[in-house]
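An overview of the molecular structure
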Amino acid sequence: EDYDGPPVVGEYVTMLPHLKPLDYEGNKHHEIRLDTFTQEIEVADGVRFRAWTFGGMVPGPVIHVKEGDKITFTMKNRSDEMVTITKPGLEGSDYLKQISENDYMGAEPSIMPMPHSMDFHSGTVAKDDKWRTIAPGETISFDWYANYAGTYIYHCGTPSVLMHTAMGQHGVVVVSPKDGYETDDRVDEEYVVVQSEYYLKKGAGDLYQYDFEGAQTKQPSHVVFNGHQTILHDQPLTANEGERVRIHFSNNGPSLTSSFHVIGAIFDRVWLEGHPYNEMRGMQTVLLGASGSATVEFIVPEEGKYTLIDHEFADAEKGATGTLKAGPR
Amino acid sequence: EDYDGPPVVGEYVTMLPHLKPLDYEGNKHHEIRLDTFTQEIEVADGVRFRAWTFGGMVPGPVIHVKEGDKITFTMKNRSDEMVTITKPGLEGSDYLKQISENDYMGAEPSIMPMPHSMDFHSGTVAKDDKWRTIAPGETISFDWYANYAGTYIYHCGTPSVLMHTAMGQHGVVVVSPKDGYETDDRVDEEYVVVQSEYYLKKGAGDLYQYDFEGAQTKQPSHVVFNGHQTILHDQPLTANEGERVRIHFSNNGPSLTSSFHVIGAIFDRVWLEGHPYNEMRGMQTVLLGASGSATVEFIVPEEGKYTLIDHEFADAEKGATGTLKAGPR
Amino acid sequence: EDYDGPPVVGEYVTMLPHLKPLDYEGNKHHEIRLDTFTQEIEVADGVRFRAWTFGGMVPGPVIHVKEGDKITFTMKNRSDEMVTITKPGLEGSDYLKQISENDYMGAEPSIMPMPHSMDFHSGTVAKDDKWRTIAPGETISFDWYANYAGTYIYHCGTPSVLMHTAMGQHGVVVVSPKDGYETDDRVDEEYVVVQSEYYLKKGAGDLYQYDFEGAQTKQPSHVVFNGHQTILHDQPLTANEGERVRIHFSNNGPSLTSSFHVIGAIFDRVWLEGHPYNEMRGMQTVLLGASGSATVEFIVPEEGKYTLIDHEFADAEKGATGTLKAGPR
Ligand SMILES: [Cu+2]
Ligand SMILES: [Cu+2]
Ligand SMILES: [Cu+2]
Ligand SMILES: [Cu+2]
Ligand SMILES: [Cu+2]
Ligand SMILES: [Cu+2]
Ligand code: NA
Ligand code: NA
Ligand code: NA
Ligand code: NA
Ligand code: NA
Ligand code: NA
Ligand SMILES: [Zn+2]
Ligand SMILES: [Zn+2]
Ligand SMILES: [Zn+2]
Ligand SMILES: [Zn+2]
Ligand SMILES: [Zn+2]
Ligand SMILES: [Zn+2]
Ligand SMILES: [Zn+2]
Ligand SMILES: [Zn+2]
Ligand SMILES: [Zn+2]
């Protein structure tokens, strides 16, 4: 395929922590493109590396669909191509507009030709067909159906999956339940937050590179929310006193658990994996496996600051924290 | 504040594994004091260190309230003061009476001036106000409401939280549901058990000290129940054949999960986070994140010994075991 | 006891991943023997060690009973005896027939005299009696009742339990609920899969041996399904397009969690610990503690290959993967 258009296309495709509301009745057929390519990005103050990405950031874009929707998905492996994502005027998705206005990773095009693939946990398919690996320059296209509500990881499934995901190839699909959650009418703010680990060490020059031993021994260099060690402090989530905040939280791993907590709040509702059937109440903390998720809600008790945290404090100290800033009622 | 009275005050404040029954109708306004100060304590045979404590032990006192109660909480940072907690006649709480009768940690006053704070997971507040850090000699006082039933950790939230909690600053609040648990009439014994990790290495002299690298790499020296490697064997929980035993179990971390199991028993009921809505049945093992809890119940099948254990055996071998001794019917 | 008959006896006792259907009405009294003895086995290509086993394999046999059944259990410690399990014609259980036809571990009798014991998580008993340790040559026999439905680990409980289980002494009991699962009529395939860790390093000669430091620091050499790094690829589970597959999945540890996922599928039903009360729906991944289990079901969307995986990718790369091969409708 000779495609050199916008690398991310889709009406309901946004940059973290944003989730585009679904403004349609019934079901929809989505046409979504998510190209994979290399970008040099910052993931912590002074820490840059050549990430393998979906759409140029880590994690990749948030895809929002409804239970029952059909998705025609296309991906070109452009890892051998310089792809610029930060210039204004890029059409195709809210995601591209958002990144051009808010390039918090300081993304710079880079080349690292590599076979890649796509595995949507939100879809049910035979992986040897649709999740197959494609070479640089190749394009894959397939349909999948959002048969189950929930918040799902997507990621590259090419071996070493540990390396491909740790290098940045993961993101989230939110499949909103067709009959909604019981609290839909009362939700004031809705966000998506993703936890993930980096395994990096100083490389030649100023760039960091993949730490094989760290990855194999589960000793990450950074554990982060939305791909960057301080982004959710630099650009806090916002809400107001008395509001109900919903967060679709996904622990994209690749290897560790997360004990997700919000300092100062208690989760009024928790739906494990984001599925309305799996409801819990009154939780201080929700424990998530690698590629596990939860949709949580809490009510902001008063004006002030709230901290999102992996309460496994060794991981929190490696960066797994963020802020929600609450204004007055 | 010039306060030099009893460091722990409160009518429903006890030493682990005890939980004082709530003998009042409706709701209550509790006035609770929990000062923070340094104590040299034993945490395993031959292992003593200068712990940062709430109330002089690790974990700190158990606070028992009812859903809907109001708590006026006061804490003085007395880390720069020699505070004696083991002498008879200390008024203020059952906790102080219990420690004076049963000083199983061999607590000795010590000084290590340090800023500290208090974060009650059972409360919903803006942390930049009520969870704020206070210097040695300062006192903080604030109200919170027990809006959600459950078993909750409290802990110091001052950076490095990993270090402050690993040094000993954590405990448990049990918020009993206002409408009770379905099994309340059938429970014969009710206990509180807390799991936590120590990260210690030999220091100068005979005392142990904090092991920064162990803490950062999640390699604890000791994983314990109720703060001491052998306390729940030296002083087992007790019950009788046929009785229903309830344990409020909290995994206070700071970093690891717990796969809590009782050898010889099956959990007839499990309420995740201690909330009555989150009921599970027939569980051999309940998995808890860091700052996760569960209220579990089992029926003692026969006279004999039962072992409480983190079934993650590498952690069990570091001490995360205890005994329940069951007498005849 | 002078017993030198078949080391595994029982009508509903099979080799992983098989589960023998229960073809009786009401409850039954099972007489089950599971001797413990040493076998040199292969656990990965080129990796052999002298395993401590129940019944000669790792994990040991699958025991299937019904909620309410009584089990009279007998075990001889034959760790000081050469026991052959691979020869044809061994009577006593389907397990022995299956291993004689499919000796995928290349089991060879070996001797390592050692005290051992048996702890069935499916039973409720005082461990100081029935779970007691017996010396080589001794036999233990006791009754237990399957009072709670679910999928349970059994294991040796002799110290160091970390070592005894890591050396191979664990297996699974499936207790089918007396009123069944809601989906019983629709299940087409039913399997048992067990995850566990090995802590091995090169020993003298060609054999591997136990790695004490690896075990204590939670750094396994191999993380496997059904005891062998590639067995579930070499001998995939099978099903057909459109079928509902049920897997009783047990994470036998000894120390790590598992984030169990099937690539290409979503769990339509999950019963935590295998108990029908603990139902979840629409899960991409289920997180299990050490000695935690889940009964999961998914519908095979199309012909092709599906990968069972611990989505904690550092563990997946150590072997925690397997294949389900789906034929046409
Ligand atoms: Cu890739
Ligand atoms: Cu906390
Ligand atoms: Cu502190
Ligand atoms: Cu066990
Ligand atoms: Cu043994
Ligand atoms: Cu995956
Ligand atoms: Na999937
Ligand atoms: Na974590
Ligand atoms: Na809180
Ligand atoms: Na643990
Ligand atoms: Na048991
Ligand atoms: Na794992
Ligand atoms: Zn927004
Ligand atoms: Zn269409
Ligand atoms: Zn907190
Ligand atoms: Zn007591
Ligand atoms: Zn009052
Ligand atoms: Zn056990
Ligand atoms: Zn079979
Ligand atoms: Zn009988
Ligand atoms: Zn997958």
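Residues numbered from 1 in each chain as written. Chains lettered and ligands numbered in written order. Predicted model: local features only at pLDDT ≥ 70, side-chain atom pairs only at ≥ 80, totals over all residues. Heavy atoms only, no water.

**Overview of the overall build of chain A**
From N to C terminus, chain A includes six helices and 25 strands. Over its C-alpha trace chain A gives a radius of gyration of 19 Å, about what one expects of a compact globule, namely 20 Å for 329 residues. Counting across all 329 residues of chain A, residues that qualify as buried make up 67%. Restricting the contact set of chain A to residue pairs at least 6 apart, pairs at least 24 apart contribute 75%. For chain A, the distance from the average position of its 27 positive side-chain charges to the average position of its 49 negative side-chain charges is 1 Å. (Helix = DSSP H or I, 4+ residues; strand = E, 2+ residues; numbered from the N terminus. Rg over C-alpha atoms; globule rule 2.2 N^0.38 Å. Buried < 20%, exposed > 50% of the residue type's maximum accessible area, 1.4 Å probe, protein only. Contact = heavy atoms within 4.5 Å. Lys, Arg positive; Asp, Glu negative; His and termini not counted. Charge placed at Lys NZ, Arg CZ, Asp CG, Glu CD.)

**As for the interface of chain B and chain C**
Chain B puts 32 residues into the contact, and the matching count from chain C is 41 residues. Summed over both sides, the interface between chain B and chain C buries roughly 2900 Å², with carbon and sulfur atoms accounting for 56% of that surface. If you sort the residues of chain B by the area they bury against chain C, Ile266(B), Gln284(B) and Phe313(B) come out on top, with a joint share of 23%. Taken together, the connections running from chain B to chain C amount to three salt bridges. Between Glu302(B) and Lys130(C) there is a salt bridge whose closest N-O contact spans 4.0 Å. When residues of the side of chain B that touches chain C are traced back to their parent elements, those giving at least two are β19 (258-263), β21 (279-283), β22 (285-288), β24 (304-310) and α6 (313-316) of chain B. In terms of residues, the side of chain B that touches chain C owes the most to one element, β21(B), which gives five residues. Broken down by class, the residue content of the side of chain B that touches chain C amounts to eleven nonpolar, eleven polar and ten charged. (Buried area = accessible area lost by both parts, 1.4 Å probe. Salt bridge = Lys/Arg side-chain N within 4 Å of Asp/Glu carboxyl O. Nonpolar A, V, L, I, M, F, W, Y, C, P; charged D, E, K, R; others polar.)

**A closer look at the domain arrangement of chain A**
All names here are of chain A. By the assigned domains, chain A splits into domain 1 (8-179) and domain 2 (185-327). Spacing between the C-alpha centres of domain 1 and domain 2 amounts to 19 Å. On the side of domain 2, 36 residues touch domain 1, which itself brings 34 residues to the contact. Across the domain 1/domain 2 interface, buried area totals approximately 3000 Å², and carbon plus sulfur atoms make up 68% of it. Taken as a group, Pro17, Thr151 and Leu162 account for 19% of the area that domain 1 buries against domain 2, more than any other trio of residues on that side. Inspection of the domain 1/domain 2 interface yields zero salt bridges. Counting the contacts that link domain 1 with domain 2 gives eleven residue pairs in polar contact (both at pLDDT 80 or more). Of all the secondary-structure elements, those providing two or more residues to the side of domain 1 that touches domain 2 are β4 (36-44), β5 (47-54), β11 (150-155), α3 (161-166) and β12 (170-176). (Domains from an automatic or database assignment. Polar contact = N/O pair within 3.5 Å; in protein donor to acceptor, adjacent residues only side chain to side chain.)

**Description of the relation of the copies chain B and chain C**
Overlay of chain B on chain C (RMSD 0.0 Å): rotation 120°, translation along the axis 0.0 Å. Put plainly, the chains are arranged around a three-fold axis. Of the residues that chain B buries at the interface, just 9% are likewise interface residues in chain C, meaning the two copies contact each other through different surfaces. (Least-squares fit on C-alpha atoms with pLDDT ≥ 70 in both.)

**Some points on the sheet that holds strand β25 (residues 321-327) of chain C**
Residue and element names in this part refer to chain C. In spatial order, the strands read β17-β25-β24-β19-β22; together these five strands make up an open sheet with mixed pairing. Looking at the sheet topology across the chains shown, the edges are occupied by β17 (237-240) and β22 (285-288). Neighbour to neighbour, the strand axes of the sheet diverge by 20° on average, direction disregarded. Bridge analysis of strand β24 (residues 304-310) against β25 gives six bridges, and the strand direction is antiparallel. What sits directly across from Ile309, in β25, is Thr321. (Pairing = 2+ DSSP bridges. Axes fitted to C-alpha atoms, helices over the stretch in contact; angles between N-to-C directions.)

**Focus on the interface of chain C and chain A**
Of the residues lining the interface, 32 residues belong to chain C; the matching set on chain A comes to 41 residues. Both sides together, the interface formed by chain C and chain A hides about 2900 Å², and carbon and sulfur atoms give 56% of it. Joining chain C to chain A, the criterion identifies three salt bridges. Run the count over chain C and chain A and you get 26 residue pairs in polar contact (both at pLDDT 80 or more).

**Quick look at the pattern of salt bridges**
By the definition in use, this model includes 78 salt bridges over all chains. The shortest N-O distance in the salt bridge between Asp129(A) and Arg132(A) comes to 3.4 Å. Asp129(A) gets classed as partly exposed once you look at its relative accessible area, which sits at 35%. Assessed through its relative accessible area of 39%, Arg132(A) is described here as partly exposed. A salt bridge links Arg329(C) to Glu241(C), with the nearest nitrogen and oxygen atoms 3.7 Å apart. Within this pair, whereas Arg329(C) is found in the segment after β25, its partner Glu241(C) is found in the loop between β17 and β18 (244-251), the two being separated by 88 residues in sequence.

**Here we look at the sheet that holds strand β21 (residues 279-280) of chain C**
Residue and element names in this part refer to chain C. Read from one edge of the open sheet, six strands run β16-β13-β18-β23-β20-β21, paired in mixed fashion. Bordering the open sheet on either side are β16 (222-225) and β21, each of which pairs with just one other strand. Pairing of strand β13 (residues 189-198) with β16 involves four bridges; the strand directions are antiparallel. Counted as the bridge partner of Gln195 is Phe225 from β16.

**Looking at the relation of the copies chain C and chain A**
After a rotation of 120° and a shift along the axis of 0.0 Å, chain C superposes on chain A with an RMSD of 0.0 Å. Looking at the interface residues of chain C, only 9% of them are also at the interface in chain A, so each copy uses its own face.

**So, the environment of Thr323(A)**
As for its position among the elements, Thr323(A) is in strand β25 (residues 321-327). Residues in contact with Thr323(A), not counting those within four places in the same chain, are Leu232(A), His233(A), Pro236(A), Leu237(A), Lys305(A), Tyr306(A) and Leu308(A).

**Concerning the pairing of β4(A)**
Residue and element names in this part refer to chain A. For β4, a buried count of eight out of nine residues is recorded, marking the element as mostly surrounded by other parts of the structure. Of the strand pairs in this sheet, β4 and β5 are connected by eight bridges, and their pairing is antiparallel. Bridge pairing in β5 links Ala44 to Val47. Following β4, the chain reverses through two residues before pairing antiparallel with β5; Gly46 in that reversal takes a positive phi of roughly 80°. Relative to strand β8 (residues 108-110), β4 is paired through three bridges, and the arrangement is antiparallel. For Gln39, the partnering residue across the bridge sits in β8 and is Pro109.

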